[in-house]
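Examining the three-dimensional arrangement
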Amino acid sequence: MKEFEEAVARVAEKAGLPLDLARGAVAVPKERDRGDLSLPCFPFAKALGQPPPAVAARVAKAFAPDEWLVSAEAQGPFVNFRVNRKAFTERTLPAAGPESGRSAEGNGKTIVIDYGSPNLAKPLLFHHLRSAVIGQALSNLFRWRGYRVVGLNYLGDVGTALGKLMVGIEASGEPRTIDEYKRTYVEGSRACAADPAKMDRARHWAKRLEEDDPEAIRHWEKARALSLRAFGEVYDRLGVRHDVVDGERMYVRRAQELVDRLLRDGKAEESEGGVVIPTGGETPFLVRKSDGTTLYGTRDIVAAIDRFERFGFERMLYVVDVAQEQHFRQLFASLANVGLDWAGRCEHVAFGQVLVGGSRAKTREGESVELIDVLREGEKRALAVVEEKNAALKDKESVARAVGTAAVIFCDLGFPIRKNIHFDWDEILSFDGRTGPYLQYVHASACSILRKGGGAPAAWDASRLSHDLEWDLVRRIAELPAAVGRAAAECEPSHLSSLLYDLAREFRSYHTAGARDATLRVLTDDAATRAARLKLTDAVRTTLAVGLRLLGIEPLEEM
Ligand code: ARG
């Protein structure tokens, strides 16, 4: 709320504080009962030669009420302000709509986001799901802030995995469906694990593919097409849409050329038969093995250069499991060390692991946790919950699908992404807790009140919203744009999901209070009060809807 923040900054200016610094310092207090806006005085202490509490006292003294602010109180190093509720409400509720939180801040800037990025022939695993879900949310958030986003799926389409598939093919013939592919891959990799000769065979195939052998390429193309179809099924359900699909194979040749060039330029050096780039501090980055082949990391260097040439990015984000942290540190240090001045624009957006029953959910040969099965399971369980809660609901199947998907997505985005996830169906599907289904449920209940009340009114009187529970909601609604901005800037969708959860919880409290006390009901008898409360309910609804969509979750109207 620009006007109100500006009013706070003006008070600070009146007290002799630099206006620009004050503008940047205005915040919403963490403890919300302290005030509506606050001015932390730490940044001014130095310039004024006074300790922060003295600065705060001075600002509070300079305060006089106006049309925006009604009070100011110094509390330690902070000044806490209360805004004119009516004026604030009159500005906040009309601003809440389908465009809430949208801005032009990123206009003219490009962000490349590498997310999803699974490996061919193998099934999609949990960490690929997290990467896809987080990456898509970040794409949505940056687009909402006006950036041009290039969402990029970078397939792992070279290496011994394909060789293992080939070993399987040699044993049992060419697979035709994706399921046969998976089985053939599992067979091949079991054979390789049991027999070193087979493993050599897999390496041989990997090498043939690197050398553009037509037979190897033919198999590669088929595996790629089938894998993409299988990934597509998962991505469609999750609302994941990439703009570009690349893969490591396109960089194999260029990776060799790069290593040769770096050696010539003295930017890489021979080490133990291989070639490394010194990274200054980090472990040197191995870019060619002693057998002459390049690595994942070498291809990542070439890919970064290629992407910079193609897209001219302001930032490039790699949304990848925290297990690859060392890899990305070495990669970025290498980019800087070979003299690429944009190396600092690359960031690893690291997320925590998915744990099931306390241990890491991963495929061991043969027993894979496949994402499509996870999503189907979610849908099945959600259907059971929906049947129990609302048996009369139309179109239960598609509601169940949306609820199951929301559960999985929110489990990825509901908490800071670096935290590990303890995946538990009952928890993530709960209609009562910090979950996707809970948010959908609160959204649907707001829709239901609006249906009964005949929708949002054109005219309403802000002074009718005088209860503290209503004021809490107004303040939350006003925070959406800032939450979206922070979620994007810090690559942390939980800034947004936390706000949505708080808003949903407070709306539930309001609702519960109305059930106990008829004077607090939205659909109360007094027409003017009812109109104002319907307007508020509608603003809650649109705020939840916009926020959920940004996270990739479908806001349901009925469930
Ligand atoms: N395919 C890799 C994996 O499954 C992730 C790739 C991430 N992106 C990148 N540019 N390294 O672990």
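The coordinates are above.
Figured I'd write up the structure that's included with this text.

Definitions and limits used
Residues numbered from 1 in each chain as written. Predicted model: local features only at pLDDT ≥ 70, side-chain atom pairs only at ≥ 80, totals over all residues. Heavy atoms only, no water. Helix = DSSP H or I, 4+ residues; strand = E, 2+ residues; numbered from the N terminus. Buried < 20%, exposed > 50% of the residue type's maximum accessible area, 1.4 Å probe, protein only. Near = heavy atom within 4 Å. Polar contact = N/O pair within 3.5 Å; in protein donor to acceptor, adjacent residues only side chain to side chain. Areas by Shrake-Rupley, 256 points an atom, 1.4 Å probe, with all protein chains shown as cover. Nonpolar A, V, L, I, M, F, W, Y, C, P; charged D, E, K, R; others polar. Expected span 1.5 Å × (residues − 1). Arc of directions from axis to C-beta. Contact = heavy atoms within 4.5 Å.

1. Quick look at unusual backbone geometry
Glycine aside, residues mostly have negative phi, and peptide bonds are mostly found in the trans state. Even without being glycine, Ser 117 reaches a positive phi, approximately 45°. By secondary structure assignment, the location of Ser 117 is in the loop between β4 (110-114) and α6 (126-144). You can call Ser 117 buried: its relative accessible area is 16%. In the Ramachandran plot, Glu 272 falls in the positive-phi region, its phi being about 50° despite a non-glycine side chain. As for its position among the elements, Glu 272 is in the loop between β7 (269-271) and β8 (274-277). Glu 272 sits in the exposed class, given a relative accessible area of 80%.

2. Things to note about the site of the ligand
The ligand sits among Asp 114, Ser 117, Asn 119, His 128, Tyr 154, Tyr 296, Asp 300, Tyr 318, Val 320, Gln 324 and Phe 328. At 2.8 Å, a side-chain N or O of Asn 119 approaches a nitrogen atom of the ligand. Take Tyr 296: an N or O atom from its side chain is 2.7 Å from a nitrogen atom of the ligand. With the chains in place, 93% of the 350 Å² that the ligand exposes on its own is no longer accessible. When its residues are assigned to classes, the shell around the ligand shows five nonpolar, four polar and two charged.

3. Let's talk about helix α14 (residues 371-389)
The end-to-end C-alpha distance of α14 is 27 Å, a good match for the 27 Å that 19 residues give at a rise of 1.5 Å each. Every buried residue of α14 is listed here: Leu 371, Ile 372, Val 374, Leu 375, Gly 378, Glu 379, Ala 382 and Val 386. What you see down the axis of α14 is that its buried residues fit within an arc of 150°, all on one side. Those residues of α14 that are exposed and aimed more than 90 degrees away from the buried face are Lys 380 and Glu 388.

4. So, the side chain of Arg 145
With respect to the helices and strands, Arg 145 occurs in the loop between α6 and β5 (148-155). Only 3.2 Å separates the side chain of Arg 145 from the side chain of Glu 105, close enough to count as a polar contact. Every residue in contact with Arg 145, bar those within four places of it in the chain, is listed here: Gly 101, Ser 103, Ala 104, Glu 105, Gly 106, Pro 481, Val 484, Gly 485 and Ala 488.

5. Some points on the side chain of Gln 330
If you trace the backbone, Gln 330 turns up in helix α13 (residues 325-337). In this structure, Gln 330 is in contact with Thr 279, Glu 282, Thr 283, Pro 284 and Phe 285, ignoring residues within four places of it in sequence.

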